[in-house]
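The residues making up each chain are set out below.
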Amino acid sequence: MLGLIYPAVLGTILYQLFFTLAHVLREQIPLSAILLIKSALVIISIGFYISDYLYIVFTKRYYAWAFLCDIVFLLALYATVIAIDVDNPRSLPHNKVILLCYFTFLLVYLAWDGYEFLALAPGKERDFYRSVVSWELSWLFVIGVFEIVALLWNNHFISIVTIIILSILTVWFGFLVSRMRKFS
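Only a predicted model underlies this, so the values are computations on that prediction, with no experimental measurement involved. (Residues numbered from 1 in each chain as written. Predicted model: local features only at pLDDT ≥ 70, side-chain atom pairs only at ≥ 80, totals over all residues. Heavy atoms only, no water.)

### Re helix α6 (residues 156-180)
Item 1. Across its 25 residues, α6 extends 36 Å between first and last C-alpha, which sits within 8% of the 36 Å expected from 1.5 Å per residue.
Item 2. One side-chain oxygen of the residue at the start of α6 lies 3.0 Å from the amide nitrogen of phenylalanine 157, identifying that residue as asparagine 155. (Helix = DSSP H or I, 4+ residues; strand = E, 2+ residues; numbered from the N terminus. Expected span 1.5 Å × (residues − 1). Polar contact = N/O pair within 3.5 Å; in protein donor to acceptor, adjacent residues only side chain to side chain.)

Now the structure itself:
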């Protein structure tokens, strides 16, 4: 799963980003605020799912049901890219779908990490998973509240706030991955 499917999906997404960038450079698609918003969301999503890939690589215990979690993650990644809709430079991304994908991702990881937390003996690794579960719970709340806001409005402002929220989430996730590396 990790050696073949994750890189293939990420490669497909990078190809789509470079394809759109080539159209902009050849002036077939005009550079606009919408296109910049969509490009930022794709880059954030790539960063997030690279962190996801590394998080799974650094996971010590891989259960049979974790394979199903990985499939959910890849489907959420694919749905995120479709919702960003990079190929359409005239309409805003579907923020509510993007946020739902991230919400789903965090919810599945909460179940996985919650299981790890409960299964571990007291110690540094269990403390790490406690911090991860707390991080997931707080971001589930933030994304859930903002999802409700995105359901009510869809404009440039919502897209920019989505970028800010997902950027902070992704940087924090990267920090957790770097901490997790100590346990692998």
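### Points about a nonpolar patch on the surface
Item 1. Residues Tyr62, Phe67, Leu68, Ile71 and Leu75 make up a contiguous nonpolar surface patch of roughly 480 Å² in combined accessible area.
Item 2. As for its position among the elements, phenylalanine 67 is in helix α3 (residues 64-84). (Patch = residues over 30% accessible without salt bridge, like charges linked within 9 Å, V, L, I, M, F, W, Y side chains within 5 Å. Areas by Shrake-Rupley, 256 points an atom, 1.4 Å probe, with all protein chains shown as cover. Salt bridge = Lys/Arg side-chain N within 4 Å of Asp/Glu carboxyl O.)

### Some words on the packing of aromatic side chains
Item 1. Within the structure shown, the criterion is met by 23 aromatic pairs.
Item 2. Judged by centre distance (6.3 Å) and plane angle (55 degrees), the ring pair of tyrosine 49 and tyrosine 102 falls under tilted. Residue tyrosine 49 is located in helix α2 (residues 33-57), and its partner tyrosine 102 is located in helix α4 (residues 95-119); the two are separated by 53 residues in the primary sequence. The exposure classification of tyrosine 49 matches that of tyrosine 102, with both residues buried.
Item 3. The cationic tip of arginine 126 hangs over the ring face of phenylalanine 117; the distance from NZ or CZ to the ring centre is 4.3 Å. (Phe/Tyr/Trp six-rings, centres within 6.5 Å; stacked < 30°, edge-to-face > 60°. Buried < 20%, exposed > 50% of the residue type's maximum accessible area, 1.4 Å probe, protein only. Lys NZ or Arg CZ within 6 Å of the ring centre and 35° of its normal.)

### Focus on the pattern of salt bridges
Item 1. Following the criterion strictly, the structure yields 4 salt bridges and no others.
Item 2. For the salt bridge of arginine 61 with glutamate 125, the shortest nitrogen-to-oxygen distance reads 3.0 Å. In this pair, arginine 61 is assigned in the loop between α2 and α3 and glutamate 125 in helix α5 (residues 124-152), connecting sequence segments 64 residues apart.
Item 3. Among the ionic pairs, arginine 130 bridges to aspartate 127, the shortest N-O distance being 2.9 Å. One end of the pair, arginine 130, and the other, aspartate 127, are both in helix α5, 3 residues apart, so they sit about a helical turn from each other.
Item 4. Arginine 130 gets classed as partly exposed once you look at its relative accessible area, which sits at 41%.
Item 5. Of the residues examined, aspartate 127 reaches a relative accessible area of 41% and is grouped as partly exposed.
Item 6. One continuous salt-bridge network, built from bridges that share partners, spans Lys60, Arg61, Glu116 and Glu125.

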